[in-house]
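Observations on the model geometry
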Amino acid sequence: MPRGKFITLEGGEGVGKSTNLRFITDWMRSRDVEFIQTREPGGTPLAEQLRALLLENRDETVDPTAELLMVFAARAQHLAEVIKPALERGAWVICDRFTDATYAYQGGGRGLNRALIAQLEQTVQGELRPDRVLLLDLDPEVGLSRAAATGAADRFESEKLEFFHKVRDAYLARASAVPERYAVVNAALPIEEVQRQLAAELERLLDQP
Ligand code: TMP
């Protein structure tokens, strides 16, 4: 049984991840691809508890390294309990955010050293990397005004515009460093065009051995 494909969906706030996730999972069903849909931080009971701790607004300033370690603690659990077993039985995994979000938010946004993130990535994931990262790219000013319409801001959403510019720049820097693993989709385009591009990427993956 060949290993399943590992696809992650990334982007800043308000880029349309939820709508496009629904499109992607509908596409998988239409192609009879066996898959699981999951998210980070989260995806297991323990990792979801860590997610709640990470997103909660609090009076105490959260130390960036503490934040980074919590993200990777959740990821280790998620990989062991959900992602690796699914890939090993041949199922595809579609994950709402993964380690690129760590490079973007903790690396770009918080300014943590990329080498430290790379070290933890190696320790927690070994050689496992997504087969394809679908990056929805959008000017953070547009994204934040879209996200503001969807309810109360969590600890990340409460960050300033400058933080989200750094997040976007870090995502784009990763995409241009390893272009074969990334598909950057301009999320400012009409939704039909965004989804046409996502479908084309998924078709390419389906054709790959
Ligand atoms: P979301 O999945 O609803 O977009 O929220 C998850 C939040 O967690 C989002 O603001 C980005 C943040 N995050 C990190 O800071 N680092 C990470 O590694 C991941 C996966 C998410």
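Residues numbered from 1 in each chain as written. Predicted model: local features only at pLDDT ≥ 70, side-chain atom pairs only at ≥ 80, totals over all residues. Heavy atoms only, no water.

**A word on the pairing of strand β3 (residues 92-96)**
Keep this limit in mind: Residue burial is assigned from relative accessible area. The probe radius is 1.4 Å, only protein chains are included, and a residue is buried under 20% of its type maximum, exposed over 50%, and partly exposed in between. A helix here means a DSSP run of H or I that spans at least four residues, while a strand means a run of E at least two residues long, and both kinds are numbered starting from the N terminus. In short, DSSP must find at least two bridges between two strands for them to pair.
Counted residue by residue, β3 has five buried out of five residues, so it is predominantly covered. Across four bridges, strand β1 (residues 6-11) lies against β3 in parallel orientation. By the bridge assignment for β3, Ile7 is matched with Ile94. As paired elements, strand β2 (residues 35-39) and β3 share five bridges and run parallel to each other. Its bridge partner lying in β3, Phe35 is registered against Trp92.

**Some words on empty space enclosed by the protein**
For clarity, the cut-off: Lining residues are those with an atom within 4 Å of a point, where the points come from a 1 Å grid over the protein atoms alone and group into cavities, where a 1.4 Å probe fits but cannot get out, or pockets, open sets with protein on both sides within 12 Å along at least five of seven lines. Grid points are joined across faces, edges and corners, and a volume is the space filled by probe spheres set on the points.
Scanning all chains against the criterion turns up two cavities of 30 Å³ or more. Here the largest cavity defines a volume of roughly 130 Å³. For the largest cavity, the lining is made up of 16 residues, of which Gly12, Val15, Leu138, Phe164 and Arg168 are closest to its centre. Those elements that place two or more of their residues in the lining of the largest cavity are β4 (132-137), α6 (140-148) and α7 (161-177).

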